[in-house]
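So you can see what is in the structure, the chains are spelled out below.
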Amino acid sequence: MIEREEDEDGEISLFLGREQTSDDDAIRALTLKCLQIELIYDVEYDGWGCTAEDGAE
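Residues numbered from 1 in each chain as written. Predicted model: local features only at pLDDT ≥ 70, side-chain atom pairs only at ≥ 80, totals over all residues. Heavy atoms only, no water.

A look at the overall build of the protein chain
Here is step 1 of the chain: Broken down by element type, the protein chain carries one helix and two strands.
Here is step 2 of the chain: Listing the helices and strands of the protein chain from first to last along the sequence gives β-β-α.
Here is step 3 of the chain: The C-alpha radius of gyration computed for the protein chain amounts to 14 Å, which surpasses the reference 10 Å derived for 57 residues by more than 25%, pointing to a less compact arrangement than a globule.
Here is step 4 of the chain: For the protein chain, the spread of C-alpha atoms along the three principal axes comes to 40 × 25 × 15 Å.
Here is step 5 of the chain: Expressed as a percentage of its 57 residues, the buried residues of the protein chain come to 5%.
Here is step 6 of the chain: Taken as a whole, the protein chain presents about 5,700 Å² of accessible surface, with 49% of it coming from carbon and sulfur. (Helix = DSSP H or I, 4+ residues; strand = E, 2+ residues; numbered from the N terminus. Rg over C-alpha atoms; globule rule 2.2 N^0.38 Å. Buried < 20%, exposed > 50% of the residue type's maximum accessible area, 1.4 Å probe, protein only. Areas by Shrake-Rupley, 256 points an atom, 1.4 Å probe, with all protein chains shown as cover.)

Below you can see the structure in the form of structure tokens.
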């Protein structure tokens, strides 16, 4: 999932989504990837929101 949002000042935010496990190694790897994106593309990474699901429908 990718969503783009522009605020009233014209500043653009990009929301990226992905599915993954929530174990320590996966979260650590995701954090590293996000910080790398921040450095490579000169953007500000300000954290994330998440939902947890147990797989039951």
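On we go.
A short note on a negative patch on the surface
Here is step 1 of the chain: On the surface, Glu-3, Glu-5, Glu-6, Asp-7, Glu-8, Asp-9, Glu-11, Glu-44 and Asp-46 cluster together into a negatively charged patch.
Here is step 2 of the chain: Turning to its location among the elements, Glu-8 is positioned in the loop between strand E1 (2-6) and strand E2 (12-16).
Here is step 3 of the chain: Owing to a relative accessible area of 75%, Glu-8 belongs among the exposed residues under this scheme. (Patch = residues over 30% accessible without salt bridge, like charges linked within 9 Å, V, L, I, M, F, W, Y side chains within 5 Å. Salt bridge = Lys/Arg side-chain N within 4 Å of Asp/Glu carboxyl O. Lys, Arg positive; Asp, Glu negative; His and termini not counted. Charge placed at Lys NZ, Arg CZ, Asp CG, Glu CD.)

Examining the environment of Asp-7
Here is step 1 of the chain: Within the fold, Asp-7 resides in the loop between E1 and E2.
Here is step 2 of the chain: According to the relative accessible area criterion, Asp-7 is partly exposed, its value standing at 32%.
Here is step 3 of the chain: Sequence separation of Asp-7 and Arg-28 is 21 residues, and the distance between their C-alpha atoms is 30 Å.
Here is step 4 of the chain: A polar contact of 2.9 Å, which involves the side chain of Asp-7, links it to the backbone nitrogen of Glu-11. (Polar contact = N/O pair within 3.5 Å; in protein donor to acceptor, adjacent residues only side chain to side chain.)

Re the pairing of E2
Here is step 1 of the chain: The pairing of E1 with E2 spans five bridges and is classified as antiparallel. Its bridge partner lying in E2, Glu-5 is registered against Ser-13.
Here is step 2 of the chain: The turn joining E1 and E2, which pair antiparallel and follow one another in sequence, is formed by five residues; a positive phi near 85° is taken by Gly-10. (Pairing = 2+ DSSP bridges.)

Let's talk about unusual backbone geometry
Here is step 1 of the chain: Positive phi values are uncommon outside glycine, yet Asp-42 reaches one of about 55°.
Here is step 2 of the chain: Within the fold, Asp-42 resides in the segment after helix H1 (24-41).

So, to be careful, I would describe these as geometric facts and stop short of saying anything about function.
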